[in-house]
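Below are the chains, spelled out letter by letter.
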Amino acid sequence: MPSAAVLKVKQAYNDKICKLLDDHDRAFLVHADNVGSRQFMDIRAALRPQSFILMGKNTMMRKCIREYCERKEDNSWMSLADKLVGNVGIIFTSGDLEEVRTKIKEFVVPAPAKMNAIAPLDVVVPAGATGMEPSQTGFFQVLNIATKINKGAIEILSDVVVVRKGEKVTSSAAALLAKLGFTPFTYGLETLMVYDKGNIFDVAVLDISDDNIAAMFGAGLRNVAALSMSANYPTVAAVPHYLIAGYKNILAISLATDYTFPLAQKVKDYLANPGAFASAAPAAGGGAAAAKAPEPEEEEEEEEMADFDLFD
């Protein structure tokens, strides 16, 4: 049975969560590995007063959220509670989601590659002088890095990937990177999921712009139109294509017969006398006399006639 002091602390924590749930309908699920206390303090100060960070034991947070949902008879927050796995926390916010995420990204700190840490990116050691003494070539030999001795120092012959993304950092790689003075990793709060009024989705959705949406909509519209025309099933998306195809058919019939209409007559006139529509631009590289020669009045009229439109 927990003591009265422990129960009091848990009750205060539950009240805090309930107030945050009452006051907000949007939140981030964040991953907090390798984030120091000073870094947390800076992030909290930067996000206030629109956003608040909640950390704690996952079981305690899930219990408080579940009891809150049962009491309110509203399970909208349960979708977020189910994602509380690992070293994670919740950032409740009433501000713009993209602005809050951008603010969170500002607080990252460089860190060395520690042994057994999971690499968040590929670590590449560039070719060139290392400043290390020849007696320390053993580090490079363990990692199969080709080197040579140049002016009393070890020199790497080509760029080498020491650690790949998703792999554990070995003791040899960690020691080598430390000797080279590399701090290849950066750590901060990593936004994983977004909760918005009962819906939860991957944070990558925030990267979708209006241009992306318009491009995807256009691609979908073209697919609908193509399927509609292939299946001979009329849809609104295919109407422009049907109109253009119909006009082409009517134009073809007009050209093959004596039937005509104003738009088709332009094409017929052009086919009957293409020279009448040719551009009267002066030949390139002509002499000065040719450049100064005035153009006939008829050729100027012919230039104007060249800019015709089938749908005028």
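Here goes a summary of the coordinates provided.

Quick notes on the rules
Counting restarts for each chain, with residues numbered from 1 along the sequence as it is written. Given that the model is predicted, a residue must reach a pLDDT of at least 70 before its local features are reported, and side-chain atom pairs must reach 80 or more before they are shown or counted; all residues, however, enter totals for whole chains, interfaces and linings. Neither water nor hydrogens contribute to the side-chain values; these are computed over all heavy atoms in the structure. We count a stretch as a helix when DSSP gives it H or I for four or more residues in a row; a strand needs E for two or more, and each element gets its number in order from the N terminus. In this scheme, a residue with accessible area under 20% of its type's maximum is buried, one over 50% is exposed, and one in between is partly exposed, where area comes from a 1.4 Å probe on protein chains only. Note on contacts: a residue pair is in contact if any heavy atoms of the two residues lie within 4.5 Å. Methods summary: accessible areas were calculated by the Shrake-Rupley approach with a probe of 1.4 Å, and residue burial reflects only the protein chains presented. Pairing between two strands is assigned when DSSP locates at least 2 bridges connecting them. Nonpolar cores were defined as sets of buried Ala, Val, Leu, Ile, Met, Phe, Trp, Tyr and Cys residues, with membership established by side-chain atoms within 4.5 Å.

## Points about the overall build of the protein chain
Here is step 1 of the chain: Regarding its fold elements, the protein chain presents 12 helices and 12 strands.
Here is step 2 of the chain: Buried positions account for 29% of the 312 residues belonging to the protein chain.
Here is step 3 of the chain: Contacts in the protein chain between residues far apart in sequence, at least 24 positions, make up 70% of those at least 6 positions apart.
Here is step 4 of the chain: Per element, the accessible surface of the protein chain, about 19,800 Å² overall, is 56% carbon and sulfur.

## Remarks on the sheet that holds strand β7 (residues 147-150)
Here is step 1 of the chain: Spatially, β6-β8-β7 is the arrangement adopted by the 3 strands of the open sheet, whose pairing is antiparallel. The open sheet terminates on both sides in strands that have one partner only, identified here as β6 (128-129) and β7.
Here is step 2 of the chain: Of the strand pairs in this sheet, β6 and strand β8 (residues 153-156) are connected by 2 bridges, and their pairing is antiparallel. Among the inter-strand pairings, glycine 128 is bridged to a residue of β8, identified as isoleucine 156.

## Considerations on the pairing of strand β1 (residues 26-31)
One face of the sheet, then the other: side chains in a regular strand alternate in exactly this way.
Here is step 1 of the chain: When β1 meets strand β3 (residues 88-93), the two strands line up antiparallel, connected through 6 bridges. Across the sheet, histidine 31 pairs through a bridge with valine 88, a residue of β3.
Here is step 2 of the chain: When β1 meets strand β11 (residues 190-196), the two strands line up antiparallel, connected through 6 bridges. Considered in β11, the bridge of phenylalanine 28 is made with valine 194.

## Observations concerning the nonpolar core
Here is step 1 of the chain: Ranked by size, the top nonpolar core spans 24 residues in total, and within it Ile17, Ile65, Trp77 and Phe92 carry the most contacts.
Here is step 2 of the chain: Looking at this core, the elements with two or more residues in it are α1 (4-23), β1, α3 (58-72), α4 (78-81), β3 and β11.
Here is step 3 of the chain: Ranked by the residues each element gives to this core, the list is headed by α3, at 6 residues.
Here is step 4 of the chain: Excluding anything up to four places from it in sequence, isoleucine 17 contacts Leu54, Met61, Cys64 and Ile65.
Here is step 5 of the chain: In terms of nonpolar packing, the next biggest core, distinct from the first, is built from 21 residues, Val160, Val169, Leu176 and Tyr187 among them.

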